[in-house]
Amino acid sequence: SIRQPAAFCGVGGMKPTYGAGSRYGLIAFASSLDQIGPFTADVESNAIVLSAIVGHDGRDATSLPHEYPDFTDGIGGGVSGMKVALPGEFLADGISPAVKTGVLKAADALRAEGAQIEEVSMPVLKYALPAYYVISSAEASSNLSRFDGVKYGFRAKEYDGLHDMYKKSRSQGFGPEVKRRIMLGSFVLSSGYYDAYYLKALRTKALIKKAFDRAFEKYDVILGPASPATAPKLGESLSDPLKMYLGDIYTISVNLAGLPGLSVPCGKDSGGLPIGL
């Protein structure tokens, strides 16, 4: 929700490390994945805002007591000698030719500036999408249960008794996509399916984290597209939810691993729409 829209709009979008900044005031979607982060016109502005928003907040139990550096210190330092991993899985099936070209051109530009680019294989990334949607939907169904028309948010104007108020408030107050995720989450947390789906997804999450840990033993950064295609037409995404979910394939593995991610513009497609790196 940060890096992908940033890629679509040709601006910089930063998802910080999990726990780096306070989420106080944010409506919880998936508690183990949620982070706030800045959208800015350029990377330097992003570093300035990021330096301002990170830090411990006693009102958010997930915010980490840690001394953070001034992120603007690295601006203008160049990439000479930097080791960059480019997972082959990121450039396989499903990516549009324009986006693939944009990413490879960006890799060439980094190489020309002195970075070492190596193509690597991270096969576990193919499991990130199903693991993410099982975990996030399960947590969303739990988090959004508080919006019952009594304590928070919207309440239906007409109802007959308490249960009818719950039903009408949630039916009218949530949109189709939110309802879809609540239903999916309630299903994977239900008796008989909890072990088969939710616990398995948590184990997969741990494997993805280990794969990134191994990659960062050797490389400084991992390079890839922010989205498999450029921006869709208005309203198009919601008409095909499965296609919309597949659009998250390059960003969500970082969420599962609790790592930071940054999207920056790296060119445009033939229609003039921005490509995110």
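Residues numbered from 1 in each chain as written. Predicted model: local features only at pLDDT ≥ 70, side-chain atom pairs only at ≥ 80, totals over all residues. Heavy atoms only, no water.

**Thoughts on a nonpolar patch on the surface**
There is a patch of nonpolar side chains on the surface, built from Leu26, Ile36, Val49 and Ile53 and spanning about 260 Å² of accessible area. By relative accessible area, which is 38% here, Leu26 ends up partly exposed. (Patch = residues over 30% accessible without salt bridge, like charges linked within 9 Å, V, L, I, M, F, W, Y side chains within 5 Å. Areas by Shrake-Rupley, 256 points an atom, 1.4 Å probe, with all protein chains shown as cover. Salt bridge = Lys/Arg side-chain N within 4 Å of Asp/Glu carboxyl O. Buried < 20%, exposed > 50% of the residue type's maximum accessible area, 1.4 Å probe, protein only.)

**A short note on the pairing of strand β3 (residues 83-87)**
Summarising burial for β3: four of the five residues are buried, a large majority. Sheet topology places β3 next to strand β4 (residues 116-120); five bridges connect them, and they run parallel. Its bridge partner being in β4, Leu86 is matched across the sheet by Glu119. Taking the sense of rotation as the criterion, the β-α-β connection linking β3, helix α3 (residues 97-112) and β4 turns out right-handed. (Helix = DSSP H or I, 4+ residues; strand = E, 2+ residues; numbered from the N terminus. Pairing = 2+ DSSP bridges. Right-handed = clockwise from strand over helix to strand, strands pointing away.)

**What to know about the packing of aromatic side chains**
Scanning the model with the defined rule gives eight aromatic pairs in all. When the ring of Tyr193 is compared with that of Tyr197, the centres are 6.1 Å apart and the planes differ by 35°; the resulting orientation is tilted. Clustering of aromatic rings is evident, with ring pairs tying together Tyr132, Tyr133 and Tyr245. One residue, Arg59, lies across the ring of Tyr24, its end atom 4.2 Å from the ring centre. (Phe/Tyr/Trp six-rings, centres within 6.5 Å; stacked < 30°, edge-to-face > 60°. Lys NZ or Arg CZ within 6 Å of the ring centre and 35° of its normal.)

**What about the nonpolar core?**
If you look at the biggest cluster of nonpolar residues, it comprises 47 residues, and the most contacted ones within it are Met122, Phe212, Leu256 and Leu277. Those elements giving two or more residues to this core turn out to be β3, α3, β4, α4 (128-143), α7 (194-218) and α10 (252-257). Per-element tally for this core: the top contributor is α4, with eight residues. Those residues in contact with Met122 that sit more than four places away from it in its chain are Pro87, Glu89, Ala211, Phe212, Ala215 and Ile222. (Core = buried A, V, L, I, M, F, W, Y, C linked by side-chain atoms within 4.5 Å. Contact = heavy atoms within 4.5 Å.)

**Description of the side chain of Gln4**
Topologically, Gln4 is positioned in helix α1 (residues 3-9). Accessibility expressed as a relative area gives 14% for Gln4, which makes it buried. If sequence neighbours within four positions are ignored, Gln4 has contacts with Ala226, Ser227, Gly247 and Asp248.

**Here's the deal with the side chain of Ser137**
You can see Ser137 is positioned in helix α4. Accessibility expressed as a relative area gives 0% for Ser137, which makes it buried. When residues no more than four places from it in sequence are discounted, the contact partners of Ser137 are Tyr132, Arg181, Leu184 and Gly185.

**Overview of the pattern of salt bridges**
Scanning the model with the defined rule gives nine salt bridges in all. Between Asp57 and Arg59 there is a salt bridge; the shortest N-O distance is 3.4 Å. Looking at Arg59, the relative accessible area reads 57%, which means it is exposed. A salt bridge links Lys168 to Asp164, with the shortest nitrogen-to-oxygen separation between them at 3.3 Å. With Lys168 and Asp164 both in helix α5 (residues 161-173) and four residues apart, this pair spans about one turn of that helix. Under the relative-accessibility criterion, Asp164 is labelled buried at 18%. Connected via shared salt-bridge partners are Glu177, Arg180 and Arg181.

**Some points on the sheet that holds β3**
Pairing is parallel in the open sheet, where three strands are placed in the order β4-β3-β5. Looking at which strands have only one partner, the edges of the open sheet turn out to be β4 and β5 (221-222). As paired elements, β3 and β5 share two bridges and run parallel to each other. Its bridge partner being in β5, Ala85 is matched across the sheet by Ile222.

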